[in-house]
Structures are given as structure tokens and as C-alpha cells.
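# Breakdown of the fold
If you want the building blocks of each chain, they are given just below.
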Amino acid sequence: MPKNYSFYMFGVFLGIGLLVGLAFPSVLQLFTQIPPEDRFLLYLLAIAAGLFTGAAIFLVNHSFNRYIIGHFREVLARVQDEDYSARVRFSGQDMLGLLGNDVNCTLSQLKEKSEEALHDDLTGLPNRQFLKQYYRRNKSRLAEERTAFLFFDLDKFKDINDQFGHLYGDRVLVKVAERVHSALAEDEFLVRLSGDEFLLVAKLSEECTGKDLAEQLTSLFTEPYEIHDTFLQVQTSIGVSTAPAHGTELGELIRKADFAMYKAKKIKGVTYYISEEKMERAKSLADGAGEAC
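Fair warning: this is a prediction, and the values are worked out from it, not measured in the lab.

## Thoughts on the overall build of the protein
- Within the protein one finds eight helices and seven strands.
- Its C-alpha atoms give the protein a radius of gyration of 34 Å, clearly above 19 Å, the size a compact globule of 293 residues would have.
- For the protein, the spread of C-alpha atoms along the principal axes amounts to about 115 × 45 × 35 Å.
- Counting the 293 residues in the protein, one finds 38% classified as buried.
- Intrachain contacts of the protein at a sequence separation of at least 6 include 57% that bridge at least 24 residues.
- Surface exposure of the protein reaches about 17700 Å², of which carbon and sulfur atoms provide 58%.
- Across the protein, the 33 positively charged side chains and the 41 negatively charged ones have centroids separated by 4 Å.

As C-alpha cells, then:
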């Protein structure tokens, strides 16, 4: 059975009040003469006053502690929801202020480490862990709104590494990330999943479909990339899935977009492929054919 510390503290305050009430008449008698017939009443009044004062001080202290602890619990609840921007409002040189300073310092360090853990070291883009966290927080909203997941990688990227070296290949990834990221709308974000695999997450509308997003993304690869004073033409293959049409779980949406991307790679002239229930319709820029998702 959990302990009720408030009950214990209430007993302590009442005990202190009782001791003060008992001691008061004795101390008072040192300075004045109290008639014997009045001593019993004085003791009763002193004890009652001591118990009342102890209870009142306990209530004031309990209310203050409840407010303080409640604020700390609110901050901890936000941290548990992975919101490391939460801060304690108390600061100063007393014990409570020092505790608030220590907590805020710890939260600042957690936020810094969280930012590092949620972003890719090479490109600075959000990583897979960021994507999982984002999806957990926005799953209910994504189930109601139409959201596109564009899975893409760089065609023959291994050949680039083999021909020019991995440092050159890393620079290619950075340049691709910079170009795509600079073209994103406010409600879109780009994730580097691993290697040369990226995922673009974007909200859909009547004016902007999965097909439109795939074509916009493909257009970013028409111009060659300047890498170390050389120009390299980079090609990409894109697979598109949408929530909630193709699922509501992140793993399922990524898997279907990934599968659609490999369908695009296998079909000659196809740049992107829109995921369907049976995966039967390909999208090609070469002939201008396309279906909205």
C-alpha cells in the first residue's frame, strides 16, 4: 500500500502544535502568576490554539507544495511526451530556485541531445527516429487528412561511390538534400532514412496530388549537381503512398512507398510510381501518362 506522506506531515504539524500548546502555559507562568482555578482552562485554550495553528500552517504548506509539485509534474509530463522545450518557472538562489535551475539546465541538455539524435549527421535532415516521433504525435490527424509519403533514392548511387569515392558520394547526398529541402513547402519535410534513401512527407489537397508532388520532386533532378567543380547528372526513382488510403501505420506506408519505388525502377522510362491497392498503374514522365493517387 502506498504511503500517504501528507497524512504523516499533518500528524507532525499537529504534534508540534500540541507541544507548543502544552509549553505555552508553563512558559507564561514564569512571567506571571496564574490562579490555580484558571490553569486548566488556560491549558485547554493553549492546546486548542496550538492544534489549530499547526493545522493552519499545514494547510498553507500543503497548498504551496501542491502548487510547486503540480508545476514540476506538468513539466515532466511534457518531457515524457518528448517535448524538451518545457521549462520550470522557478529560479533563484534559495533551495527551490536552485532546484528549478538544475532542472532547466538538465532539460536544455536533453533538448540538445534530442536534436542530435533526431537529425542525420551528414545532411542535417530529420532521420528515421524523428519520423517515428512525428508520426506518433500526429497519427490521429494524419488519419483524417490526406498525406503523401514519397520514398526515393538515387539511381546507381553505388556506381558513383565506386567511381568517385565515398567522400564524393557523401557530397552528392548533401547536395541532393539541400536542393530538395530548399524547395519544400511550409507543411512538408524531408527525412533521410539511410544511405541514399529519402522520404518526403507532404500534405495533399485538391490542388496538389501525389502525382503533382512526384513530378515536382523529379523536376529537381533535371539540372546537374555541381560536386567539387564537376557536374554530375543524378537520377532518382520515386514511390508514393498516401495516408489513410494506403494505411494508417507508418511502417505500412513506408513499405508500400518503397515497393512502389522499386516498381518504378523495373519499368523502362518510369520515373515514379503511385502505390495502388493492387499496384497496377505506373506513372511515366516519358510519355506524359499519369494517374492521381
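## Here's the deal with the confidence of the model for the protein
- Residues with a pLDDT of 70 or more make up 94% of the protein, whose mean pLDDT is 87.
- Between residues 278–293, whose pLDDT stays under 50, and residues either more than four places distant or in other chains, the model counts 42 contacts.

## Some remarks on the packing of aromatic side chains
- One pass over the structure, following the stated rule, counts 13 aromatic pairs.
- For the ring pair Tyr134 and Phe189, a centre distance of 4.6 Å and an interplane angle of 70 degrees mean the geometry is edge-to-face. Remark: Phe189 occurs in strand 2 (residues 189–194) and Tyr134 occurs in helix 4 (residues 128–144); sequence separation between them is 55 residues.
- Taken together, the ring pairs in this structure connect Phe152, Phe198, Phe221 and Tyr225 into an aromatic cluster.
- Of note, Arg179 hangs over the ring of Tyr225, and the distance from its end group to the ring centre comes to 3.6 Å.

## Some words on the side chain of Ser275
- Relative to the helices and strands, Ser275 resides in the segment after strand 7 (272–274).
- Look at Ser275 and you get buried, because its relative accessible area is 0%.
- Apart from the residues within four sequence positions on either side, Ser275 is in contact with Val240, Ser241, His246, Lys256 and Ala260.

## Notes on the pairing of strand 2
- A large share of strand 2 lies buried, amounting to five of its six residues.
- Two strands pair when backbone bridges link them, and strand 2 and strand 3 (residues 197–203) are joined in this way by five bridges, in the antiparallel orientation. Note on strand 3: the bridge partner recorded for Val191 is Leu199.
- Between the antiparallel neighbours strand 2 and strand 3 lie two residues, among them Gly195 with a positive phi of about 50 degrees.

## Let's talk about a nonpolar patch on the surface
- A contiguous nonpolar surface patch, about 340 Å² in accessible area, is contributed by Met9, Val12, Ile16 and Val20.
- Here Val20 is to be found in helix 1 (residues 5–31).

## Focus on the packing of helix 2 (residues 36–80) against helix 3 (residues 95–117)
- Closest axis-to-axis distance for the helix 2/helix 3 pair is 12 Å, and the angle between their directions is 5 degrees. Considered as vectors, helix 2 and helix 3 are oriented roughly parallel to each other. Of the residues in helix 3, those in contact with Phe64, Ile68, Phe72, Val75 and Val79 of helix 2 are Leu96, Leu99, Val103 and Leu107.
- Across the contact of helix 2 with helix 3, the residue classes tally to nine nonpolar, no polar and no charged.

Analysis parameters
Residues numbered from 1 in each chain as written. Predicted model: local features only at pLDDT ≥ 70, side-chain atom pairs only at ≥ 80, totals over all residues. Heavy atoms only, no water. Helix = DSSP H or I, 4+ residues; strand = E, 2+ residues; numbered from the N terminus. Rg over C-alpha atoms; globule rule 2.2 N^0.38 Å. Buried < 20%, exposed > 50% of the residue type's maximum accessible area, 1.4 Å probe, protein only. Contact = heavy atoms within 4.5 Å. Areas by Shrake-Rupley, 256 points an atom, 1.4 Å probe, with all protein chains shown as cover. Lys, Arg positive; Asp, Glu negative; His and termini not counted. Charge placed at Lys NZ, Arg CZ, Asp CG, Glu CD. pLDDT = per-residue confidence, 0-100. Phe/Tyr/Trp six-rings, centres within 6.5 Å; stacked < 30°, edge-to-face > 60°. Lys NZ or Arg CZ within 6 Å of the ring centre and 35° of its normal. Pairing = 2+ DSSP bridges. Patch = residues over 30% accessible without salt bridge, like charges linked within 9 Å, V, L, I, M, F, W, Y side chains within 5 Å. Salt bridge = Lys/Arg side-chain N within 4 Å of Asp/Glu carboxyl O. Axes fitted to C-alpha atoms, helices over the stretch in contact; angles between N-to-C directions. Parallel < 35°, antiparallel > 145°, perpendicular 65-115°, else oblique. Nonpolar A, V, L, I, M, F, W, Y, C, P; charged D, E, K, R; others polar.

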